[in-house]
Each structure stands twice: as structure tokens, then as C-alpha cells.
Amino acid sequence: MEAIKRVREQEKRVEENMKRIKYKIAVLSGKGGVGKSFITSNLAFALAEAGWSVGVFDADIYGPSIPRMMGVDGASLYATPDGRIIPAEAPLGVKVVSIGLMLPSQDTPVIWRGALTTSAIRELLAYTDWGELDYLLVDLPPGTGDEQLTIMQLIKDLSGTIIVTIPSQVSAIVVEKAISFSRKLNARILGIVENMSYFECPDGSKHFIFGEGVAQRLSSKHGIPFLGSIPIEPAIARANDAGEPFFIKYPNTNAAQAFRRVASNLIEIVTKHQTN
Ligand SMILES: Nc1ncnc2c1ncn2[C@@H]1O[C@H](COP(=O)(O)OP(=O)(O)OP(=O)(O)O)[C@@H](O)[C@H]1O
Ligand SMILES: [Mg+2]
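Residues numbered from 1 in each chain as written. Chains lettered and ligands numbered in written order. Predicted model: local features only at pLDDT ≥ 70, side-chain atom pairs only at ≥ 80, totals over all residues. Heavy atoms only, no water.

Digging into the site of ligand 1
Inference 1: Not every one of the 18 residues close to ligand 1 is listed here, only the nearest: Gly33, Lys36, Ser37, Phe38 and Asn240.
Inference 2: Within the contact set of ligand 1, an oxygen atom lies 3.0 Å away from a backbone nitrogen or oxygen of Gly35.
Inference 3: Protein contact buries 78% of the 630 Å² of open area that ligand 1 shows by itself.
Inference 4: With respect to the pocket detection grid, ligand 1 is positioned in the largest pocket.
Inference 5: When contributions to the shell around ligand 1 are tallied by element, the ones reaching two or more residues are helix 2 (36-49), strand 9 (189-200), strand 11 (226-232) and helix 8 (234-242).
Inference 6: Here the residues of the shell around ligand 1 sort into nine nonpolar, six polar and three charged. (Near = heavy atom within 4 Å. Polar contact = N/O pair within 3.5 Å; in protein donor to acceptor, adjacent residues only side chain to side chain. Areas by Shrake-Rupley, 256 points an atom, 1.4 Å probe, with all protein chains shown as cover. 1 Å grid on protein atoms, 1.4 Å probe; cavity = no way out; pocket = protein on both sides within 12 Å on 5 of 7 lines; lining within 4 Å. Sits in = over half its atoms within 2 Å of the grid points. Helix = DSSP H or I, 4+ residues; strand = E, 2+ residues; numbered from the N terminus. Nonpolar A, V, L, I, M, F, W, Y, C, P; charged D, E, K, R; others polar.)

Notes on the environment of Asp134
Inference 1: Of note, Asp134 is situated in strand 7 (residues 133-139).
Inference 2: Looking at Asp134, the relative accessible area reads 16%, which means it is buried.
Inference 3: Residues Asp134 and Ser168, spaced 34 residues apart in sequence, show a C-alpha to C-alpha distance of 33 Å.
Inference 4: Excluding residues within four positions of it along the chain, Asp134 makes contact with Ile21, Lys22, Tyr23, Trp52 and Ser53.
Inference 5: Within the structure, Asp134 has its side chain in polar contact with the backbone nitrogen of Ser53 (distance 2.9 Å). (Buried < 20%, exposed > 50% of the residue type's maximum accessible area, 1.4 Å probe, protein only. Contact = heavy atoms within 4.5 Å.)

Thoughts on the side chain of Asp129
Inference 1: Tracing the backbone through its elements, the reader meets Asp129 in the loop between helix 4 (114-127) and strand 7.
Inference 2: Within the local environment of Asp129, its side chain forms a polar contact with the backbone nitrogen of Gly131, the two atoms lying 3.2 Å apart.
Inference 3: Every residue in contact with Asp129, bar those within four places of it in the chain, is listed here: Arg20, Arg84, Ile85, Ile86 and Pro87.

Points about the packing of helix 6 (residues 169-184) against helix 7 (residues 214-222)
Inference 1: One way to put it is that helix 6 packs onto helix 7 with a least axis distance of 10 Å and a crossing angle of 35°. Read as a crossing pair, helix 6 and helix 7 show a hand that is right-handed. Between helix 6, through Gln169, Ala172, Val175, Glu176, Ile179 and Arg183, and helix 7, the contact on the second element is made entirely by Val214, Arg217, Leu218, Lys221 and His222.
Inference 2: Each residue belonging to the contact of helix 6 with helix 7 can be placed in one class, and the counts come to five nonpolar, two polar and four charged. (Axes fitted to C-alpha atoms, helices over the stretch in contact; angles between N-to-C directions. Left-handed = near helix turned anticlockwise from the far one by under 90°.)

Observations regarding the confidence of the model for the protein
Inference 1: Within the protein, residue pLDDT values average 89, and 93% of them lie at 70 or more.
Inference 2: Confidence, expressed as mean pLDDT per element, reaches its minimum in the protein at strand 3 (residues 78-79) with 80 and its maximum at helix 9 (residues 246-249) with 98. (pLDDT = per-residue confidence, 0-100.)

Notes on the nonpolar core
Inference 1: Counting 88 residues, the largest nonpolar core has Ile25, Leu47, Phe57, Met70, Val94 and Ile230 as its most contacted members.
Inference 2: Counting residues per element, this core draws most heavily on helix 10 (residues 254-275), which supplies ten residues.
Inference 3: Other than its neighbours up to four places away in sequence, Val94 contacts Ala44, Phe45, Ala48, Val54, Val56, Met70, Ala88 and Glu89. (Core = buried A, V, L, I, M, F, W, Y, C linked by side-chain atoms within 4.5 Å.)

Re the layout of surface pockets
Inference 1: Empty space within the largest pocket amounts to approximately 310 Å³.
Inference 2: Lining the largest pocket are 20 residues, with Gly33, Val34, Gly35, Phe38 and Met196 sitting closest to its centre.
Inference 3: Of the residues forming the lining of the largest pocket, the biggest block, three residues, is contributed by helix 2.
Inference 4: Tallied by class, the residues present in the lining of the largest pocket amount to nine nonpolar, seven polar and four charged. (Points joined across faces, edges and corners; volume = space filled by probe spheres on them.)

Things to note about empty space enclosed by the protein
Inference 1: Taken as a whole, this structure holds one cavity of 30 Å³ or more when the rule is applied.
Inference 2: With three residues, the top contributor of residues to the lining of the largest cavity is helix 1 (residues 2-19).
Inference 3: Within the lining of the largest cavity, the residues separate by chemical class into three nonpolar, no polar and four charged.

Concerning the pairing of strand 1 (residues 21-28)
Inference 1: In terms of residue burial, strand 1 counts as a mostly covered element, since seven of its eight residues are buried.
Inference 2: Pairing of strand 1 with strand 7, which is carried by six bridges, proceeds in the parallel orientation. Across the sheet, the residue bridging to Lys24 is Leu136, located in strand 7.
Inference 3: Pairing between strand 1 and strand 8 (residues 160-165): four bridges, direction parallel. Residue pairing in the sheet places Ala26 in a bridge with Thr161 of strand 8. (Pairing = 2+ DSSP bridges.)

Written as C-alpha cells, this is what we have:
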């Protein structure tokens with residue numbers, strides 16, 4: 001009984017915290033390794049650059065890569081005497097909470113059972129003091145299973161989901177799973193982002209390495225907004241590996257520009273939905 005009471009109390013706290021955040025968006029992809037964490041991190045920076053207050057919640061507790069991609073790798077989360085967790089602060093004032101900031105070292109694997117995972121996520125969401133935010137982006141673990149479902153259900157007034165794909169047919173099949181997952185949950189799909197869309201040579205020619213037009217086709221087939229394409233750039237892997245935030249370090253690249261377009265499309269979509 002005690003445990004049930006505690007869970008209810010935490011759920012209530014999550015609800016209260018979330019009321020102070022205008023738009024809560026979960027970033028999904030049916031498939032692993034398509035750049036979901038990279039998209040979440042850099043979209044957060046692009047929104048912050050546009051003047052919005054932004055937080056990122058890394059709900060991927062098995063492979064937390066957000067701290068590294070956002071340049072807060074060495075930071076750790078701390079709690080106030082009254083038990084509130086204060087997020088780490090990334091460039092442009094973006095607030096970051098990740099289980100990765102609570103582990104003693106990067107090499108520490110997290111071997112938790114599903115139920116424990118959910119309770120860790122619930123606790124983090126219940127006790128983090130985000131303050132007032134315009135946007136909270138939630139980076140979910142790869143897949144569309146029970147774990148993703150539980151996290152999304154915790155945030156009752158979720159504004160919607162962003163689906164990340166790469167331009168391959170294999171990825172497209174998995175994206176359809178993510179679409180039906182969102183719909184099953186009655187979560188609005190705010191749009192699709194295509195990552196690793198093409199590689200641009202110094203002479204300006206574009207090479208569509210994984211395929212072409214897949215995200216646009218999915219977008220028109222399912223009536224979902226297409227938010228934009230992010231190219232493959234060697235600087236991206238370099239920055240991520242070095243623990244430097246790409247958008248901040250390389251603000252003049254085509255990829256950084258592409259993130260600004262994705263951010264402005266997203267802003268237009270959420271604000272339009274708000275007034276409808
Ligand atoms: N557009 C890109 N150009 C070059 N490298 C990229 C690009 N997008 C992502 N990467 C690289 O691909 C790798 C996977 O990206 P990321 O970790 O964001 O994927 P993910 O979908 O979050 O993976 P997981 O399923 O493990 O959570 C990273 O090493 C990242 O640096
Ligand atoms: Mg990830």
C-alpha cells in the first residue's frame with residue numbers, strides 16, 4: 001500500500017511539473033542508431049537559439065548519449081535540501097537531465113529490470129525542477145515497446161511526437177510502427193525528421209547514400225508534416241565523439257542551418273495547434 005501511495009504521489013508531482021512546461025515533445029524512432037539523440041540535442045539548441053527556454057530529458061537509460069552530445073558530460077545532477085533535482089546546464093541555457101549524469105562513470109552499464117527502469121524515470125520526472133519552460137524534448141530509448149509507452153503515458157498532456165528516420169526502406173517500415181504507436185496512444189504526430197539524408201561534396205553535388213524521398217513519401221502517405229532533412233556531415237561524428245555540441249561548435253554548416261529550419265517548422269506547427 002505504501003508503494004502504491006508513493007507512486008501516486010510521484011505521478012501527481014510529474015503532472016504538476018509538466019503544467020509549467022508549454023510544449024512537451026517525445027522524440028521517437030522505431031529503429032536504433034538513426035540519430036534520435038543527435039536530433040533531440042541539436043533541435044534543442046536550435047529552439048534555444050530562436051529565443052525559447054528549452055529542456056531535454058534523456059529517457060534512454062540504457063545508452064544515455066545526450067550528455068556527451070550536449071557538452072555536459074562532466075556535469076552531475078545534484079539535489080537541493082528539499083529534494084528537488086537541478087538539471088545540468090548546456091550551452092544556450094538548455095537544461096539537461098539524464099540518467100547518464102547520475103552514473104559514477106560512462107563505463108558503468110545500467111542493468112535494470114523493466115519495472116525498475118520505469119520507476120527511475122518516474123522519480124526523475126517527479127523531482128526535477130525544470131522551472132517554467134517553453135519546450136521539453138524527451139529522448140526515448142529506441143523501439144516502440146512497453147517502456148516507451150509507460151514514459152509517454154506519464155506525461156499526460158504531451159503535445160506530441162517527432163519521428164526520426166533515415167532514408168532507407170528498412171527504416172521506413174519501422175517508422176510505420178512508430179506512427180501506429182503514436183496513434184495508439186492518441187499522441188499527435190507533430191512531424192517526421194529525416195536524418196542522414198544526403199552527403200554534399202565540396203563541389204556542391206549531393207549524394208543520396210541511403211535512398212531518396214522516403215520521409216516525404218511517408219509524410220504524404222500518412223498525412224504527417226515533414227519537418228526537414230539533416231545531411232550527413234563528418235563534423236557531426238567528430239563533434240559527437242569529442243563531446244562537443246555540434247550546433248554550437250559548427251553553427252554555419254548546412255546541417256546547423258537544417259536544424260534551424262526544422263525548429264521553425266516545429267514552432268509553427270505547435271503554435272498553430274495551440275490556437276486551433
Ligand atoms: N547526420 C549525421 N551525420 C553524421 N553522423 C551522424 C549523423 N546523425 C547521427 N550521426 C552519428 O550516428 C551515431 C548515432 O546517432 P545517435 O546516437 O543520435 O542515434 P540514436 O538513434 O539516438 O541511437 P540509439 O538507438 O542507440 O539511441 C552517432 O555516433 C552520431 O554521431
Ligand atoms: Mg539515442
